[in-house]
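Residues per chain, in single letters:
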Amino acid sequence: MTEIPSLQVLLQLTVNGILGGAMYGVAAVGLSLIFGTMRLIFLAQGAMIILAAYFVRALFQGLGIDPFLSLPIVITVGAGVGWLIYQGLFRRAAAMEDRNVSLLIAVGLMFLVQNLMTVIWGGNTAGVVTSYTASGIGAFGIRMSFTRSIGFLIAIAGTALVMLFLKKTLVGKAVRAASEDMTSAALLGISPHRVNAIAFSIGLALAGAAGVAVATTFPFNPFAGFVFSLKALVALAIGGIGNVAGALAGGIILGLIEAYVQYFISGGWTNAFGYGVFLLVLMLKPEGLFSRPYKKA
Amino acid sequence: MANRLLEVSNLSVAYGDVRALWGVSIHVDQGTIVAIVGANGAGKSTLLRAISGIVRAQEGEIKLSDNSLVGRPPEDIARLGIAHVPEGRGLFRHMTVLENLELGAFQPKARPRLREGIDKAYALFPRLKERAHQKAGSLSGGEQQMLAIARAVMSDPALLILDEPSLGLSPLVVRQMFTLIQTLHSQGVTILLVEQNIHQALKVADYGFVLKTGEVAMQGTGRDLLANPEIQKAYMGVLE
Ligand SMILES: Nc1ncnc2c1ncn2[C@@H]1O[C@H](COP(=O)(O)OP(=O)(O)OP(=O)(O)O)[C@@H](O)[C@H]1O
Ligand SMILES: [Mg+2]
C-alpha cells in the first residue's frame, strides 16, 4: 500500500470492481422495481439471491445441470415465486396506507428464508465448482475470471431486458405509470395488484439471475443475503430510486469503491466505505446521482 | 324519456370522522352534459371520487346503466366505462405525451383501437402530435389539460368525468376548453363536469346540480339555473 501502483494494477482493480459491482447492480434493479410500484424496500432480496444460489447448486449437484445453463430455469422459477410471494404475503398489506406492515413482512420473510436455508443446507459456506471455475481470460496483462465475466454479462443483459420491457411494452409502461401515480393509473383501468405482482415477478427473476452469478463466483452461506440486500440498497441510493439503469450504475460504482478501498486501504474497511458513501449520497443528493431531483409538493 | 346512464342515490361519504357528502342524489342521461357546481369544499370532487371508486361510499347506491359501482375498485369501474380526469389532471409527468395517450387505451377492450384512438386524438389536438415525444410535465397547463382529456377519451368511455378542467387556465384557453367539451358532446360523449366556472359550465350543460356543504341545494336545466336569481346572487357575484 505504500508503493505507487502500476497502471496495470489500477486497470485490474477497475475490472474487478466493475465485474463485482454488477452483481449489486442487478440486485438493486430488482429493489428499484419493487420500490417503484409498492414504495417498499424489499429487504429479503439478498436472501432470495442466496436461495437462488443454493437452488443452482442443487440443480448442479443433483441433476448435473451446468450453472449457467440453469439460468432459464432459475429465472422462470424466480418469476413464479415472485408472483406467489406478492399474492400470498403482500397483497393485503399493499392496499394499506402504512408501508411499515409490508416492510415487516419483508423482514420476516428474510429471516424465514435464512433459517430454512440453514436447516436444509447447513450454515457452512457453500460453492459451485465446475471445470471452468478457475479459468480466466487475459488481455494486456489483465486477468478476468471467466465466471465473473459471464456474471457481468448476465447483469447487463438482465438490466437491458427490464429496460426494454419498461420502455417498449404497454404493460411495462403501465408499471412505470403506476410507479409515478398509482391512483391515476387505476383510473385508467390499470390494476395495482397486477402491477405489483409484475414488479415482484421481475424482481425475483432478477434475484434468480443474480443467484446464478453468485453461485458461480462467490462462496456463499445462508446469512450472506442480508449484506447483499444492504449493498443493493447502497447501489439504489447511489443510482437513484426508480431509475433502472442508475441502479445498475450504482452497483458498479459501489463495486469500484470496494475494489479500490480493499487494495489501497484494507479489506476490513470496504464495508465501512460503502456505507459511508451511502449516507453521504443520501445527505447530499437524496434523489441519487443519476435521477432527476425530487419536486417539492 | 332519455336513457339513464348514471344514477347516484342517497350517497354519503366521509373522510374519517369528517363527513363530506350527505345523501346526495344525482343522475346523468345518455348523451348529455351534466354540470356539478358549488363553492370550494362543497364536496364536488368527493362525489366524483366516489363514482370512480377512489373513495368509498358509506351509504347509498351508484349505478352505471345496470351495474352497481359501490364497493368496486377504481380499475374495475374504469373498465366498466367511466373515464375520470381528476383534479390536477393525473398525468404521468415523467412519461411522454404519446405514452400517456397509449395508457389511455390500456384496458383490454380499448387496446385494439389504440392506433386509431391516437390518430383521433392528434386530429382533435394537433398540438399533442407536435409534442408526442416530449415529457407530459413539460407541457403548458392548457396542453396538459388537453392531454388529460385526450387520454381519457382513448378508452371510448360511456361517461367522461372532468373535475375542474378550466382550473388555472387563462381565459382564452378556458374558452377553448369549453369548445372542446362541446365538440366531444357533439361526437356523442356523455360528460359529467365539475366546475367553479359556473357561468360557462351551466351554459354548456343540459342539466346541473348545485352542491352546498355536501348536499344538493338546487337542480335544474342549465338555462333555468343560470336564470335563477339565487344562483346569480350566491355564486356568480363571488366567482365571476
Ligand atoms: N382526503 C381528504 N381527507 C379529509 N378530508 C377531505 C379530503 N378530501 C376532501 N376533504 C374534505 O371534504 C370536503 C369536500 O371536499 P372536496 O374536495 O370534495 O370539495 P370540492 O367541492 O371539490 O372543493 P374544490 O372546489 O376546492 O375542489 C372538504 O371539507 C374537504 O376539506
Ligand atoms: Mg374539487
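Residues numbered from 1 in each chain as written. Chains lettered and ligands numbered in written order. Predicted model: local features only at pLDDT ≥ 70, side-chain atom pairs only at ≥ 80, totals over all residues. Heavy atoms only, no water.

S.K.: Looking at this structure, how should I read the overall build of chain A?
M.R.: Within chain A one finds 11 helices and 2 strands. When the helices and strands of chain A are read in sequence order from the N terminus, they spell out α-α-α-α-β-β-α-α-α-α-α-α-α. A globule of 297 residues ought to have a C-alpha radius of gyration of about 19 Å, and chain A, at 19 Å, matches this closely. Seen through its C-alpha atoms, chain A measures out along the principal axes to roughly 60 × 50 × 35 Å. Evaluated residue by residue, chain A yields a buried proportion of 52% over its 297 residues. On chain A, roughly 13,300 Å² of surface is accessible, and the fraction owed to carbon and sulfur atoms is 70%. (Helix = DSSP H or I, 4+ residues; strand = E, 2+ residues; numbered from the N terminus. Rg over C-alpha atoms; globule rule 2.2 N^0.38 Å. Buried < 20%, exposed > 50% of the residue type's maximum accessible area, 1.4 Å probe, protein only. Areas by Shrake-Rupley, 256 points an atom, 1.4 Å probe, with all protein chains shown as cover.)

S.K.: Would you explain the overall build of chain B in this entry?
M.R.: When helices and strands are counted, chain B shows 10 helices and 10 strands. Compactness check: chain B gives a C-alpha radius of gyration of 17 Å against a globular reference of 18 Å for 240 residues, within 12% of the reference. Principal axes of the C-alpha set define a box for chain B whose edges measure 45 × 40 × 40 Å. Here chain B holds 240 residues, and 55% of them are scored as buried.

S.K.: Explanation requested: the nonpolar core in the structure shown.
M.R.: A general trend in soluble globular proteins is that nonpolar side chains are found buried together. Ranked by size, the top nonpolar core spans 140 residues in total, and within it Phe42, Phe90 and Phe200 of chain A together with Leu101, Leu103, Leu160 and Ile191 of chain B carry the most contacts. Looking at which element gives the most residues to this core, the answer is helix 8 (residues 192-217) of chain A, with 14 residues. Filtering out sequence-adjacent residues up to four positions away, leucine 101 of chain B remains in contact with Ile118, Ala121, Tyr122, Leu147, Ala150, Arg151 and Met154 of chain B. Among the nonpolar cores identified, the runner-up in size contains 28 residues, and Ile51, Val55, Ile77 and Ile161 of chain B belong to it. (Core = buried A, V, L, I, M, F, W, Y, C linked by side-chain atoms within 4.5 Å. Contact = heavy atoms within 4.5 Å.)

S.K.: Can you walk me through the site of ligand 1 in this structure?
M.R.: Residues and elements named next belong to chain B. What surrounds ligand 1 is a group of 14 residues, the closest being Lys44, Ser45, Thr46, Glu87 and Gln196. With respect to ligand 1, the backbone of glycine 41 contributes an N or O atom lying 2.8 Å from an oxygen atom. In the model, an oxygen atom of ligand 1 is placed 2.7 Å from a nitrogen or oxygen of the serine 45 side chain. Relative to its free-state accessible area of 630 Å², ligand 1 is covered by the protein chains to the extent of 62%. The element best represented in the shell around ligand 1 is helix 1 (residues 44-51), accounting for 4 residues. In the shell around ligand 1, the residues fall into 4 nonpolar, 6 polar and 4 charged. (Near = heavy atom within 4 Å. Polar contact = N/O pair within 3.5 Å; in protein donor to acceptor, adjacent residues only side chain to side chain. Nonpolar A, V, L, I, M, F, W, Y, C, P; charged D, E, K, R; others polar.)

S.K.: How do you make sense of unusual backbone geometry when you look at a structure like this?
M.R.: Trans peptide bonds make up the majority, and among non-glycine residues the majority have a negative phi. All names here are of chain B. Positioned with a positive phi, serine 65 is a non-glycine residue whose angle comes to about 50°. Its place among the elements puts serine 65 in the loop between strand 4 (59-64) and strand 5 (67-68). A positive phi angle, near 55°, is found at aspartate 156, a position not held by glycine.

S.K.: What am I meant to see in the coordination of the magnesium ion (ligand 2) here?
M.R.: Reference values for angles at a metal are 109.5 degrees in the four-donor tetrahedral case and 90 or 180 degrees in the six-donor octahedral case. Residues and elements named next belong to chain B. Around the magnesium ion (ligand 2), the donor atoms from the protein are Ser45 (OG) and Glu87 (OE), and they sit 1.9 to 2.3 Å away. Of the two residues, serine 45 sits in helix 1 while glutamate 87 sits in the loop between strand 6 (82-85) and helix 3 (97-104), which places them 42 residues apart along the sequence. With relative accessibility at 36%, the residue glutamate 87 sits in the partly exposed group. (Donors = N, O, S within 2.8 Å, 3.2 Å for Na, K, Ca; no water.)

S.K.: What is the right way to look at the pairing of strand 3 (residues 33-37) of chain B in this model?
M.R.: Along any regular strand the residues' side chains alternate between the sheet's two faces. All names here are of chain B. Of all 5 residues that make up strand 3, 5 are buried, and the element is covered over most of its length. The alternating pattern of strand 3 places Ile33, Ala35 and Val37 on one face and Val34 and Ile36 on the opposite face, and all of these are buried. With 5 bridges connecting them, strand 3 and strand 8 (residues 190-195) associate as parallel partners. For isoleucine 33, the partnering residue across the bridge sits in strand 8 and is isoleucine 191. (Pairing = 2+ DSSP bridges.)

S.K.: Would you mind showing me how to read the packing of aromatic side chains here?
M.R.: By convention here, two paired aromatic rings are described through the distance between centres and the angle between planes. Enumeration according to the criterion identifies 12 aromatic pairs over all chains in this entry. Ring geometry for tyrosine 24 of chain A versus phenylalanine 228 of chain A: centroids 5.8 Å apart, planes at 70°, classification edge-to-face. With tyrosine 24 of chain A in helix 1 (residues 7-38) and phenylalanine 228 of chain A in helix 9 (residues 224-239), this pair connects stretches of sequence that are 204 residues apart. A single burial state applies to tyrosine 24 of chain A and to phenylalanine 228 of chain A, both of which are buried. Their ring planes at 35° and their centres at 6.0 Å tell us that tyrosine 86 of chain A and phenylalanine 200 of chain A sit as a pair that is tilted. In this pair, tyrosine 86 of chain A sits in helix 3 (residues 71-94) while phenylalanine 200 of chain A sits in helix 8, placing the two residues 114 residues apart along the sequence. Residue tyrosine 86 of chain A is classed as buried on the basis of its relative accessible area of 0%. The class of phenylalanine 200 of chain A is buried, set by a relative accessible area of 0%. Sitting over the face of the ring of phenylalanine 106 of chain B, arginine 111 of chain B holds its NZ or CZ atom 4.5 Å from the ring centroid. (Phe/Tyr/Trp six-rings, centres within 6.5 Å; stacked < 30°, edge-to-face > 60°. Lys NZ or Arg CZ within 6 Å of the ring centre and 35° of its normal.)

S.K.: How should I be thinking about the sheet that holds strand 4 of chain B in this particular structure?
M.R.: Backbone-to-backbone hydrogen bonds join strands into a sheet, with any given pair of strands oriented parallel or antiparallel. All names here are of chain B. Strand order in the open sheet formed by 4 strands is 2-1-4-5, and the pairing between neighbours is antiparallel. Two strands in the sheet have a free side with no partner beyond their single neighbour: strand 2 (18-29) and strand 5. Lying on the sheet, helix 1 is in contact with strand 1 (4-15), strand 2 and strand 4; it crosses strand 1 at an angle near 115°. (Axes fitted to C-alpha atoms, helices over the stretch in contact; angles between N-to-C directions.)

S.K.: In this structure, what is going on with the interface of chain A and chain B? I would like to understand it.
M.R.: Contact with chain A, which involves 21 residues of that partner, is made by 25 residues of chain B. With both chains or domains summed, chain A and chain B bury close to 2,000 Å², and 65% of this area falls on carbon and sulfur atoms. A per-residue breakdown of the area chain A buries against chain B is headed by Leu170, Leu187 and Leu188 of chain A, which together make up 34% of the total. Viewed at the interface, chain B and chain A are joined by 2 salt bridges. Here glutamate 99 of chain B ties to arginine 176 of chain A by a salt bridge, and the two come within 3.0 Å at their closest N and O atoms. Counting residues per element, the ones that place at least two in the side of chain A that touches chain B are helix 6 (170-180), helix 7 (182-187) and helix 8 of chain A. (Buried area = accessible area lost by both parts, 1.4 Å probe. Salt bridge = Lys/Arg side-chain N within 4 Å of Asp/Glu carboxyl O.)

S.K.: Looking at this model, I keep getting lost on helix 6 (residues 141-153) of chain B. Mind explaining?
M.R.: One full turn of an α-helix is made of 3.6 residues, so residues set three or four places apart face in the same direction. All names here are of chain B. Taking 1.5 Å of rise per residue, the 13 residues of helix 6 would be expected to cover 18 Å, and the 19 Å separating its terminal C-alpha atoms lies within 8% of that figure. By the criterion of burial, helix 6 is predominantly enclosed, with 11 of the 13 residues buried. When helix 6 is considered as a whole, its buried residues turn out to be Gly142, Glu143, Gln144, Gln145, Met146, Leu147, Ala148, Ile149, Ala150, Arg151 and Ala152. Its buried side turned inward, helix 6 meets strand 6, helix 3, helix 4 (114-124), helix 5 (126-130), strand 7 (159-163) and helix 7 (171-186). (Expected span 1.5 Å × (residues − 1).)

S.K.: How do you make sense of the environment of valine 175 of chain A when you look at a structure like this?
M.R.: Residues and elements named next belong to chain A. Mapped onto the secondary structure, valine 175 falls in helix 6. A residue is classified by how much of its surface remains accessible, and valine 175, at 3% relative accessible area, is buried. Sequence separation between valine 175 and phenylalanine 90 is 85 residues; the distance between their C-alpha atoms is 17 Å. Non-local contacts of valine 175, meaning those with residues more than four positions away in its chain, are made with Thr37, Phe165, Leu166, Val195 and Ile198.

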